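# A look at the structure
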Amino acid sequence: MLVLMCRAGDNRFALDSEVVAEVVPYVELKSMPGAPEWLAGVFAYRGQVLNVLDLVQAATGTRCPPRWSSRIVIVRLPGSANQQLLGLLTEHVTTTQWSGEPLQNDAASQQHKANQLREHSRSEWNWGSVRLDEEGMFRVLDLEQLVTPERRAMLA
């Protein structure tokens, strides 16, 4: 699978290129009163208001800093009849690459590796499968697990 690599804090993530619609530069987001911490805000994207989930906030508990390298990855949410879009705010989008296969070790080793990746991330999020490349471990984000029905309802 071809993936887009990105960073949120010390965490490396990948997105299946099939769900990526576009990568746009960081723009000023409008905050929404009463919104959850992980919702960075909204912005106008091609004639529609688009919600932006802060991956850095979700992974580390601190907001994504507004840097030149910060990007909003526009993704198509799976299972949405009208190709619902969502922005994912990241500190840095690095490259595209082939993702390789999920790590297939014994359950204890897999859990240990997942715990290592979770060291700086918040546990209420389900990130997806762990993979390994020459730079180390990363997760391929599973948008169905990341953006649960409860979170989708908050975005509506």
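Above this note sits the structure.
Residues numbered from 1 in each chain as written. Predicted model: local features only at pLDDT ≥ 70, side-chain atom pairs only at ≥ 80, totals over all residues. Heavy atoms only, no water.

### Structural notes on the sheet that holds strand S3 (residues 20–25)
If you trace the 5 strands from one edge of the open sheet to the other, you get S3-S6-S7-S5-S4, paired in mixed fashion. One side of each edge strand has no neighbouring strand; the edge strands of this open sheet are S3 and strand S4 (39–45). Going from strand to strand, the sheet's axes swing by 30° on average, the running direction of each strand aside. Strand direction decides the pairing type here: strand S6 (residues 71–76) and strand S7 (residues 85–90), joined by 6 bridges, are antiparallel. Following the sheet pairing, Val 73 is matched in S7 by Leu 88. (Pairing = 2+ DSSP bridges. Helix = DSSP H or I, 4+ residues; strand = E, 2+ residues; numbered from the N terminus. Axes fitted to C-alpha atoms, helices over the stretch in contact; angles between N-to-C directions.)

### Topic: the nonpolar core
When a protein is soluble and globular, its nonpolar side chains tend to lie buried together. With 38 residues, the main nonpolar core has Phe 43 and Leu 88 as its most contacted residues. Sequence-distant contacts of Leu 88, defined by excluding residues within four places in its chain, comprise Leu 15, Leu 53, Leu 55, Arg 71, Ile 72, Val 73, Val 75 and Leu 143. Grouped together as the second largest cluster of nonpolar side chains are 5 residues, Met 5, Ala 14, Phe 138 and Val 140 included. (Core = buried A, V, L, I, M, F, W, Y, C linked by side-chain atoms within 4.5 Å. Buried < 20%, exposed > 50% of the residue type's maximum accessible area, 1.4 Å probe, protein only. Contact = heavy atoms within 4.5 Å.)

### With respect to the pattern of salt bridges
Counted under the stated rule, the structure contains 6 salt bridges. For Arg 46, the salt bridge identified is with Glu 22, shortest N-O distance 2.8 Å. On the criterion of sequence distance, the pair formed by Arg 46 in the loop between S4 and strand S5 (48–54) and Glu 22 in strand S3 is long-range, its members being 24 residues apart. Its salt-bridge partner being Glu 91, residue Arg 67 comes within 2.6 Å of it at the nearest N-O pair. Taken together, the residues span a long stretch of sequence, with Arg 67 in the loop between helix H1 (55–60) and S6 and Glu 91 in the loop between S7 and strand S8 (92–98) at a distance of 24 residues. Arg 67 sits in the partly exposed class, given a relative accessible area of 46%. Note on Glu 91: relative accessible area 12%, which makes it buried. It is possible to trace a salt-bridge network through shared partners that takes in Arg 7, Arg 12, Asp 133 and Glu 135. (Salt bridge = Lys/Arg side-chain N within 4 Å of Asp/Glu carboxyl O.)

So, to be careful, I would describe these as geometric facts and stop short of saying anything about function.
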